[in-house]
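# A closer look at the structure
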Amino acid sequence: MSRQITQPVNQVRLTNVAVVRLSRGGHRFEVACYRNKIVNYRQGTETDLSEVLQTERVFTNVSKGQFANSKTLQKCFDTTNEEEVCRFILDRGDVQVSDQERAAQLESTIREVASMVSEKCVDPASRRPYTMAQIRDAMKSAGFMVHPTRNVKQQFLDCVKLLQKKRVLNIERAKMQLALVLHDDGDDDEGDNDYVERRKNAISLLLDEGVLRSDILPPNHDDDTRIVFQSDPSLYRKVEGIARKSSVQGRLEIIQQCVIAEEGDVTLGSELERRAQQQQQQLQNAMEEKKTEEARKDALVDDSEVADNGAASLDEISNKLQSNLTLNDQAGEDDQYDYHKTKKPANSRKAQKAAQKKSKKAKRREKEEQAERDQRISAEKARQKERAERLGLSGDGADGDGGNNQCIPADGGGGDTKPCNTCGGAFAPGEYRLHFRSDWHRYNVKLKMKGCAPVSEKEFLLCDSDAFFD
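Residues numbered from 1 in each chain as written. Predicted model: local features only at pLDDT ≥ 70, side-chain atom pairs only at ≥ 80, totals over all residues. Heavy atoms only, no water.

### So, the confidence of the model for the protein chain
In the predicted model, the protein chain carries a mean pLDDT of 76, and the fraction of residues at 70 or more is 73%. No element of the protein chain has a lower mean pLDDT than helix α13 (residues 395-399), at 43, and none a higher one than strand β3 (residues 59-61), at 92. Scored below 50 in pLDDT, residues 310-314 shows five contacts in the model against residues more than four places distant or in partner chains. Counting interchain partners and residues more than four positions distant, the pLDDT-below-50 stretch residues 331-346 has 12 contacts. (pLDDT = per-residue confidence, 0-100. Helix = DSSP H or I, 4+ residues; strand = E, 2+ residues; numbered from the N terminus. Contact = heavy atoms within 4.5 Å.)

Encoded structure:
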């Protein structure tokens, strides 16, 4: 009798799901959406609900496939129309953002910040903007991290400050072109004199706030009520405060947001002049560095001459010879000091004394280490002799010279045997690997590391546990 195979033919498998959840009226409601579609729906680029939702049903648990009944929908949303409920959940629910959506949002923020830097910043020398690729490479080199939810303008300001601090790019904010328009009070002579006085007051206040005199354009005529100038964007609030003062009585107008030299605005002559100025500046810097280096060398030569004149006596010459001999001996004996990598002082006598002091310390340290090593070996030999006397063994076996002859097994000595250099015996191929795992071989290895002679198998078997763990 064949069994009937049942399979869910009407089951809809929800794959590639992004869940939007909403808690309302003590119940939790969920809708199943496609990835990368929720953000487009909320931005208004996608209006078709069938392209956003995998199924136009309201769930209480998407993973378990539990639908919300109409009674609960009527109670919480005052309607049983699931399409309206789905739109309400999409607008106000919590979105489970996928890794692809998060990566796309982060890339979009990085692109916006880099675009803003490219549009509002220039090279101070050429007054030209940088490209997007240059800005993104500089951001990566400076280690600037973009926050996906933070304000883009604030991140732009932080990015410019970081680039200027790390000096990855020679960059600054592009200047704004502004116009301070003085109010008209009349057409008489007193009004003309008032214009001139207010204009002087405005220019002096602008210079005090940090506006360069070269950035202020000259007036077209004497009765010109406009003061056109270029200013850093960070000074905009201060300049606006100057325009509102009673001694100026004007208003501020923005002529151009960013003053940038475009490709067509720069002529060949100006570009060549700018490059010539750069080369001249580099040449001047090189000349100054060369003069500084020559002055430093002259000072070193004078110091060496004074040192040679002061060391003219016979005793000092002998001390030099003795220190040179000590340095040669130490270079052959001690390799742990690398004198070639260290920078020698200007005074040669100080270098010789320092090297001699180091060699004495190294020799003293070697003598102390050798004395400690000899003391440990003698203590271990004394312990071995005392143990042999306590166990009633012969003196040869305790010293380790005759004990090695007893390490050969009874069936050893054939041509197929393999020796053990530590224990001093020969073993058959079947016992050779077992010997290296035995406690006797491990004990002899420990003795060999301490600088003591190994023991025979007979001596090892007569050892008690306390002697073995000493």
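### Brief notes about the pattern of salt bridges
Applying the stated criterion to the full structure yields 14 salt bridges. In this structure, D158 engages R150 in a salt bridge whose closest nitrogen and oxygen atoms are separated by 2.9 Å. Looking at D158, the relative accessible area reads 23%, which means it is partly exposed. (Salt bridge = Lys/Arg side-chain N within 4 Å of Asp/Glu carboxyl O. Buried < 20%, exposed > 50% of the residue type's maximum accessible area, 1.4 Å probe, protein only.)

### Section: the nonpolar core
Membership of the largest hydrophobic core comes to 20 residues, with the highest contact counts inside it found for F29, V31, C33, V58, I89 and L90. Mapped onto this core, the elements with two or more residues apiece are β1 (17-24), β2 (27-34), α1 (38-43), α2 (49-52), α3 (70-77) and α4 (82-92). Per element, the largest residue contribution to this core is four residues, and it comes from α4. (Core = buried A, V, L, I, M, F, W, Y, C linked by side-chain atoms within 4.5 Å.)

### Focus: helix α6 (residues 132-142)
For α6, the complete set of buried residues consists of I135, A138, M139 and A142. For α6, the buried positions fall inside an angular range of 100 degrees around the axis, keeping them on one side. Residues D137, K140 and S141 are exposed on α6 and point more than 90 degrees away from its buried face. Next to the buried residues of α6 lie α5 (99-120) and α7 (152-166). (Arc of directions from axis to C-beta.)

### What to know about the sheet that holds strand β8 (residues 176-182)
Read from one edge of the open sheet, three strands run β9-β8-β10, paired in antiparallel fashion. Pairing within the sheet leaves two strands with one partner each, and these edge strands are β9 (226-231) and β10 (250-256). Pairwise comparison of adjacent strand axes, ignoring direction, gives a mean angle of 25 degrees for this sheet. One ladder, built from six bridges, connects β8 with β9; its direction is antiparallel. Bridging across to β9, L180 finds its partner in I227. Helix α9 (residues 236-243) rests against β8, β9 and β10 of the sheet, and its axis sits at about 140 degrees to β10. (Pairing = 2+ DSSP bridges. Axes fitted to C-alpha atoms, helices over the stretch in contact; angles between N-to-C directions.)

### Observations regarding the pairing of β2
Here eight bridges tie β1 to β2, and the two strands are oriented antiparallel to one another. For V20, the partnering residue across the bridge sits in β2 and is V31. Linkage of β1 to β2, two consecutive antiparallel strands, is achieved through a turn of two residues, within which G25 is found at a positive phi near 65 degrees.

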